[in-house]
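Chain residues, written in single-letter form:
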Protein chains: 2
Amino acid sequence: MTQRGNSTINDVARLAKVSKKTVSRVINKSSLLSEKTRQHVEKVIEEIGYVPNPQARALALRRNFVIAVIHDNPNAQFLVSVQKGILEGIKGTEFGLMVQPVDRNSPTIEKEIKDFLERQRPYGVVLLPPISDNDALAELCASYGTRYVRMASVELDTPEHMVTSNDRAPVHEAVSYLIEVGHKKIALVEGPKGFISAAERRAGYEQAMADAGLEVEPWMIEPGSYTFESGVTAGLALLDGKTRPTAVFVSNDEMAIGVMIAARRRGIEIPRGLSIVGFDDTPLSSHVWPALTTVHWPIVDMARSAALKLISGPGEIPIEETSLSSSLIKRDSVVGPPEN
Amino acid sequence: MTQRGNSTINDVARLAKVSKKTVSRVINKSSLLSEKTRQHVEKVIEEIGYVPNPQARALALRRNFVIAVIHDNPNAQFLVSVQKGILEGIKGTEFGLMVQPVDRNSPTIEKEIKDFLERQRPYGVVLLPPISDNDALAELCASYGTRYVRMASVELDTPEHMVTSNDRAPVHEAVSYLIEVGHKKIALVEGPKGFISAAERRAGYEQAMADAGLEVEPWMIEPGSYTFESGVTAGLALLDGKTRPTAVFVSNDEMAIGVMIAARRRGIEIPRGLSIVGFDDTPLSSHVWPALTTVHWPIVDMARSAALKLISGPGEIPIEETSLSSSLIKRDSVVGPPEN
DNA sequence: TTGTACGCGTTATCAC
DNA sequence: GTGATAACGCGTACAA
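Here we summarise the structure given alongside this text. (Residues numbered from 1 in each chain as written. Chains lettered and ligands numbered in written order. Predicted model: local features only at pLDDT ≥ 70, side-chain atom pairs only at ≥ 80, totals over all residues. Heavy atoms only, no water.)

### Quick look at the protein's contact with DNA strand D
Within the structure, DNA strand D sits among 27 residues, and Thr22 and Thr37 of chain A together with Ile9, Lys21 and Tyr50 of chain B are positioned closest to it. For DNA strand D, the fraction of protein-proximal atoms (within 4 Å) that sit in sugar or phosphate groups is 60%. A distance of 3.1 Å is found between a phosphate oxygen of DNA strand D and a backbone nitrogen or oxygen belonging to Ser19 of chain A. A distance of 2.4 Å separates a phosphate oxygen of DNA strand D from a polar side-chain atom of Thr37 of chain A. Among the secondary structure elements, those contributing two or more residues to the surface near DNA strand D are helix H2 (20-27) and helix H4 (54-61) of chain A together with helix H2 (20-27) and helix H4 (54-61) of chain B. Looking at side-chain class alone, the surface near DNA strand D contains 11 nonpolar, 8 polar and 8 charged residues. (Near = heavy atom within 4 Å. Polar contact = N/O pair within 3.5 Å; in protein donor to acceptor, adjacent residues only side chain to side chain. Helix = DSSP H or I, 4+ residues; strand = E, 2+ residues; numbered from the N terminus. Nonpolar A, V, L, I, M, F, W, Y, C, P; charged D, E, K, R; others polar.)

So this is what it looks like as structure tokens:
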């Protein structure tokens with residue numbers, strides 16, 4: 001088969017007996033063109049199967065059509081949701097999506113990102129949590145003239161550079177819900193130290209407890225790292241402690257599943273013996289037994305919004321997505337506390 | 001902050017009082033250079049913070065440094081594993097990874113891919129199942145001079161264009177294992193019609209049954225679509241049937257989790273009441289209760305191998321990854337059949 | 001070992 | 001409306 005895309009704008013110009021610029025105008029749908037010329041040129045383009053070379057365009061325009069997501073996040077569902085959202089955002093445009101993982105704990109993280117930026121020069125990047133809270137990385141992007149948007153649970157930057165979810169309020173709602181159905185001994189499994197989202201979710205928990213006049217005792221709080229295993233560990237610690245909680249808010253779904261497993265190991269039935277609320281609303285959460293009550297986190301929407309912010313011109317502010325609020329999804333992992 | 005990467009090779013040449021070509025040689029580490037000149041030029045590069053423009057390079061070299069994964073696969077864990085493998089394969093190179101989803105059921109799938117190829121002109125693409133079995137799509141890539149590698153369960157193309165896993169043998173092993181521990185009424189939950197992997201896994205099942213002199217009766221086979229929900233449906237159908245299986249091989253983990261849920265709904269304990277074997281060995285499979293016995297599918301290795309095939313020159317054949325065989329991971333979802 | 005001149009395929013300028 | 005001509009920034013023959 002003859003290889004496509006081997007003809008250039010010059011070939012078209014020659015065959016159509018017009019100038020390169022005219023062909024360029026046809027391609028870019030310039031309005032200053034006689035209908036006759038346009039049709040003629042389009043016919044030639046069609047005939048020889050010409051397609052513009054994106055690399056040459058990128059050079060001439062001094063920009064390419066690539067946006068990248070830079071992350072240090074091992075959670076598969078989260079990553080795919082983000083990619084889905086960004087792809088929705090750039091759908092119908094010329095943009096494509098690149099993915100670049102980095103190592104948060106590496107001392108060379110800045111160099112990793114630098115290298116990536118230099119090698120690919122994406123038009124824009126979206127920074128995912130937890131590395132999105134690193135100001136130095138954002139500045140690094142800026143120093144290359146690369147547009148960036150940061151996804152986080154707190155406003156860390158100017159609005160044009162941020163897509164923010166409010167984690168605190170929905171967690172407050174979730175914990176309040178536990179309190180409403182009668183729980184008093186409500187534990188918290190935290191996210192990793194240093195993660196903004198972890199701090200926000202903890203704040204929501206503490207606030208809800210305080211608002212209800214419930215004291216948060218030290219044994220009620222277990223550390224976690226957003227992984228399944230850490231959820232199991234935290235769950236076991238909670239269940240093996242002197243005092244047992246009757247309910248627990250777990251800072252993400254994956255850990256919540258871990259807590260469920262821990263409960264099973266101790267022969268505790270959920271939700272009778274322990275009510276659980278998670279955070280994220282990953283597909284997983286409805287695939288376990290019992291289905292997990294959790295906070296829906298609008299990752300896809302956030303990612304779409306981020307993409308739109310990146311590709312929209314400086315003037316045209318994208319319509320603010322108003323549905324970026326999280327909400328409590330009530331399923332089967334919560335009931336009132338056991339009588340006693 | 002002054003913006004990086006705004007200086008060009010000409011600036012360096014002028015300041016260093018050498019020619020562009022000499023600078024180019026320094027960048028590309030040509031050996032034909034006096035050490036003195038090299039150091040001098042490198043100093044200037046350092047001073048003005050010059051970094052080569054990748055778009056210009058791409059134009060001059062007539063190739064960019066992007067490889068893309070094209071897929072129509074909704075499974076998050078699978079996608080992320082593939083991305084991980086590819087990224088491992090291109091680590092240390094100049095390549096970056098793009099992601100392009102397409103709609104398998106859309107009549108315009110060829111156009112979608114065409115548009116993507118024209119817009120981005122990746123150096124190479126890896127085609128994931130199930131669309132990897134579409135010869136027309138592979139030819140499409142070839143017609144643009146884009147290198148491609150197809151991931152599948154069967155050799156569909158020449159070795160340079162294929163990364164293949166053998167699904168049949170490990171499924172045979174898995175079902176044989178069920179037979180060994182005493183099961184006779186072993187059901188199969190199939191993958192979607194038309195998927196090569198589904199057919200291969202079914203073949204492995206049937207062969208194992210035949211080898212053991214066990215007959216596969218019609219009620220033993222339930223359709224599925226690789227989704228959790230279809231697993232629940234298939235599981236219920238199996239359990240509500242006239243005859244109940246004592247074990248079931250489920251063609252992927254997600255459906256296997258669905259079958260587990262179905263069993264719970266019917267009050268059947270796993271593995272006592274029903275032994276289950278899955279396929280994939282996703283992290284999920286060890287996060288459920290009981291932990292799922294399953295077939296480990298070396299997706300990451302396959303993807304890495306695919307990337308290496310793409311970026312290696314026509315001469316240098318990459319070392320064949322020998323560890324691309326799947327293997328049975330025994331966990332807790334299988335015991336012998338109940339006595340009777 | 002280094003430099004000159006030109007090509008890569010497109011867009012932008014500015015005159016016609 | 002249209003067309004020469006010059007960027008855009010880097011790589012490569014070929015010459016020196």
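### Looking at the sheet that holds strand S9 (residues 275-280) of chain B
All names here are of chain B. Pairing in this open sheet of 6 strands is mixed, and the strands run S7-S6-S8-S9-S10-S11 from one edge to the other. Lying at the two open borders of the sheet, with one neighbouring strand each, are strand S7 (221-222) and strand S11 (327-329). By the bridge criterion, 4 bridges tie S9 to strand S10 (residues 293-296) in an arrangement that is parallel. Residue pairing in the sheet places Val277 in a bridge with Thr293 of S10. Sheet contacts for helix H9 (residues 196-211): strand S6 (186-189), S7, strand S8 (247-250) and S9; angle to S6, the most-contacted strand, approximately 170°. Together, S6, S8, S9 and S10 form the strand contacts of helix H11 (residues 253-265), whose direction differs from that of S9 by roughly 155°. (Pairing = 2+ DSSP bridges. Contact = heavy atoms within 4.5 Å. Axes fitted to C-alpha atoms, helices over the stretch in contact; angles between N-to-C directions.)

### Observations regarding the environment of Phe116 of chain B
All names here are of chain B. Among the secondary structure elements, Phe116 is positioned in helix H6 (residues 109-120). C-alpha separation for the pair Phe116 and Gly267, spaced 151 residues apart in sequence, amounts to 50 Å. The contact partners of Phe116, leaving out residues within four places of it in the chain, are Ala68, Ile70, Met98, Gln100, Arg121 and Pro122.

### Let's talk about the packing of H2 of chain A against helix H3 (residues 35-48) of chain A
All names here are of chain A. As a packed pair, H2 and H3 sit with axes 10 Å apart at the nearest point and diverge in direction by 90°. Classified by the angle their axes make, H2 and H3 are roughly perpendicular. Mapping the contact onto sequence places Thr22, Val23, Val26 and Ile27 in H2 and Thr37, Arg38, Val41, Glu42 and Ile45 in H3. Across the contact of H2 with H3, the residue classes break down as 5 nonpolar, 2 polar and 2 charged. (Parallel < 35°, antiparallel > 145°, perpendicular 65-115°, else oblique.)

### Some words on the pattern of salt bridges
All names here are of chain A. Enumeration according to the criterion identifies 36 salt bridges over all chains in this entry. One salt bridge connects Arg201 with Asp167, and the closest N-O pair in it is separated by 2.9 Å. On the criterion of sequence distance, the pair formed by Arg201 in helix H9 (residues 196-211) and Asp167 in the loop between strand S5 (162-164) and helix H8 (168-180) is long-range, its members being 34 residues apart. Exposure remark for Arg201: the relative accessible area of 2% places this residue in the buried category. Taken together, the shared-partner salt bridges connect Lys84, Glu88, Asp301 and Arg304 into one network. (Salt bridge = Lys/Arg side-chain N within 4 Å of Asp/Glu carboxyl O. Buried < 20%, exposed > 50% of the residue type's maximum accessible area, 1.4 Å probe, protein only.)

### What to know about unusual backbone geometry
Put simply, Pro129 of chain B and Pro130 of chain B share a cis peptide bond, and its omega is 5°. Inspection of the secondary structure assignment puts Pro130 of chain B in the loop between strand S3 (124-127) and helix H7 (135-143). Following Trp289 of chain B, the chain continues into Pro290 of chain B via a peptide bond in cis, with omega recorded as -10°. If you trace the backbone, Pro290 of chain B turns up in the loop between S9 and S10. Of note in the backbone geometry, Lys29 of chain A takes a positive phi value of approximately 50° without being a glycine. With respect to the helices and strands, Lys29 of chain A occurs in the loop between H2 and H3. You will see that Asp281 of chain B, though not glycine, has its phi angle at about 60°, which is positive. Looking at where Asp281 of chain B falls in the secondary structure, it is placed in the loop between S9 and S10.

### Regarding the protein's contact with DNA strand C
Taken together, 29 residues are adjacent to DNA strand C, and Ile9, Lys20 and Tyr50 of chain A together with Thr22 and Thr37 of chain B come closest. Counting only atoms of DNA strand C within 4 Å of the protein, the sugar-phosphate share comes to 62%. Within the backbone of Asn53 of chain A, a nitrogen or oxygen atom sits 2.8 Å from a phosphate oxygen of DNA strand C. Here Arg57 of chain A contributes a side-chain N or O atom positioned 3.3 Å from a phosphate oxygen of DNA strand C. Its residues assigned to classes, the surface near DNA strand C comprises 12 nonpolar, 9 polar and 8 charged.

### Overview of the side chain of Gln120 of chain A
Within the fold, Gln120 of chain A resides in helix H6 (residues 109-120). A polar contact of 2.9 Å, which involves the side chain of Gln120 of chain A, links it to the backbone oxygen of Phe65 of chain B.

### Some details on the interface of chain A and chain B
Across the boundary between the two partners, chain A contributes 50 residues, which contact 50 residues of chain B. Taken together, the two surfaces of chain A and chain B that pack against each other cover about 4400 Å², and 62% of this comes from carbon and sulfur. Between the two partners, chain A and chain B, sit 0 salt bridges. Scanning the region where chain A abuts chain B turns up 11 residue pairs in polar contact (both at pLDDT 80 or more). Sorting the residues of the side of chain A that touches chain B by element identifies H4, helix H5 (76-90), strand S2 (96-101), H6, helix H7 (135-143), helix H10 (228-240) and helix H11 (253-265) of chain A as the ones contributing at least two each. It is H5 of chain A that contributes the most residues to the side of chain A that touches chain B, 6 residues altogether. Its residues assigned to classes, the side of chain A that touches chain B shows 26 nonpolar, 14 polar and 10 charged. (Buried area = accessible area lost by both parts, 1.4 Å probe.)

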